[in-house]
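Each chain is listed here by its residues.
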Amino acid sequence: MSLYDDAVLVLKGYEGQPELRDVYLAHLAEHPDGMYKPCEAGHLTSSALVIDPSRGRVLLTLHKKLNMWLQMGGHCEQGDATVEEAALREATEESGIPGLTLLPGGPVRLDRHPIPAPCHWHLDVQYAALAPVGAEAAISDESLDLRWFAYDEVADVADTSVVELLKGTLARLA
C-alpha cells in the first residue's frame, strides 16, 4: 500500500471534523502528488504532540522558521510507509527522544493552515506521542528551542491549534 493510499484510509476512518476531513480527501483526489512538499496546491504533513502524562506536561519546539511553539512534525518523505510512521519519525527526530509511542486511536485532530508561497496549504494530520518514563529531550537543528510545558501553560505560549490538540489528547487519555 502506498503512503497516499494509507492517508486516504486514515482520513476515511477519522470520525472527527467531518467537513475538514472531506477537504483533505477532496484535495488528495484532485492532487495525487498531495502527500509531498512539491505539490504547490498544498500537501499533507504529519505531526505529533509529545506528552508525558505521568508528569502532566507536553514537549514543544520553538520552530526555526515560524518562531512559534508547536508540536513536532513536518513533511512526509518517500520512505514513510504510513502517515503514523511519518508523525512518529518527525516526533523522534525533533524531540531526540527514542521510544516514543503513538497514542492509540489514530489522529487526534486535523489542522489546515496557510503557508508562504510557492505552496499554499499544509493539511496537517495530528497525533499524540507518549514519552517513555524519564525521557530526556535533545534539541535538533530544526528548532530554536525545545521545552517541556505543564498542561496549563500551553495556552500562554502556543496557538489555538496546539491548544486544541492538547485538549483532544487529554480527552483521549481520560
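Computed from a predicted structure; not experimentally measured.

A. Spotlight on the packing of aromatic side chains. Applying the stated rule across the entire model yields 1 aromatic pair. Between Trp69 and Phe149 the ring centres are 5.0 Å apart and the planes differ by 75°, which places this aromatic pair in the edge-to-face class. Placement of the pair is Trp69 in strand E3 (residues 69-70) and Phe149 in strand E8 (residues 143-150), with a sequence separation of 80 residues. Sitting over the face of the ring of Trp148, Arg57 holds its NZ or CZ atom 3.9 Å from the ring centroid.

B. The arrangement of the environment of Val125 in detail. Within the element layout of this structure, Val125 appears in strand E7 (residues 121-130). Taking the C-alpha atoms as reference points, Val125 and Ala48, separated by 77 residues in sequence, lie 8.5 Å from one another. Excluding residues within four positions of it along the chain, Val125 makes contact with Leu11, Tyr24, Leu44, Thr45, Ser46, Ser47, Val83, Pro107, Arg109 and Leu110.

C. Quick peek at the layout of surface pockets. Size it by volume and the largest pocket reaches roughly 950 Å³. Every residue lining the largest pocket is counted, 36 residues in all, and those nearest its centre are His63, Leu66, His75, Ile115 and His122. Among the secondary structure elements, those contributing two or more residues to the lining of the largest pocket are strand E1 (43-52), strand E2 (57-63), strand E4 (72-75), helix H3 (83-95), strand E6 (109-114), E7 and helix H5 (160-173). Sorting elements by how many residues they give to the lining of the largest pocket places E4 first, with 4 residues. Among the residues making up the lining of the largest pocket, the classes are represented as 10 nonpolar, 14 polar and 12 charged.

D. Up close: the packing of helix H1 (residues 3-13) against helix H2 (residues 18-30). Running from N to C, H1 and H2 point in directions that differ by 155°, and their axes come no closer than 10 Å. Between H1 and H2, the interaxial angle falls into the category roughly antiparallel. With respect to the hand of their crossing, H1 and H2 are arranged in left-handed fashion. For the pair H1 and H2, contact is made by Tyr4, Ala7, Val8, Leu11 and Lys12 and by Arg21, Tyr24, Leu25, Leu28 and Ala29, respectively. Counted by class, the contact of H1 with H2 contains 8 nonpolar, no polar and 2 charged residues.

E. Molecular detail of the nonpolar core. Among the nonpolar cores identified, the biggest contains 33 residues, and Leu11, Met35, Leu44, Val50, Val125 and Tyr127 are the most heavily contacted of them. The set of elements that each furnish at least two residues to this core consists of H1, H2, E1, H3, E7 and E8. At 5 residues, H1 tops the list of elements feeding residues into this core. Membership of the second largest hydrophobic core comes to 17 residues, among which are Leu49, Leu103, Val162 and Leu165.

Criteria and cut-off values
- Residues numbered from 1 in each chain as written.
- Predicted model: local features only at pLDDT ≥ 70, side-chain atom pairs only at ≥ 80, totals over all residues.
- Heavy atoms only, no water.
- Phe/Tyr/Trp six-rings, centres within 6.5 Å; stacked < 30°, edge-to-face > 60°.
- Helix = DSSP H or I, 4+ residues; strand = E, 2+ residues; numbered from the N terminus.
- Lys NZ or Arg CZ within 6 Å of the ring centre and 35° of its normal.
- Contact = heavy atoms within 4.5 Å.
- 1 Å grid on protein atoms, 1.4 Å probe; cavity = no way out; pocket = protein on both sides within 12 Å on 5 of 7 lines; lining within 4 Å.
- Points joined across faces, edges and corners; volume = space filled by probe spheres on them.
- Nonpolar A, V, L, I, M, F, W, Y, C, P; charged D, E, K, R; others polar.
- Axes fitted to C-alpha atoms, helices over the stretch in contact; angles between N-to-C directions.
- Parallel < 35°, antiparallel > 145°, perpendicular 65-115°, else oblique.
- Left-handed = near helix turned anticlockwise from the far one by under 90°.
- Core = buried A, V, L, I, M, F, W, Y, C linked by side-chain atoms within 4.5 Å.
- Buried < 20%, exposed > 50% of the residue type's maximum accessible area, 1.4 Å probe, protein only.

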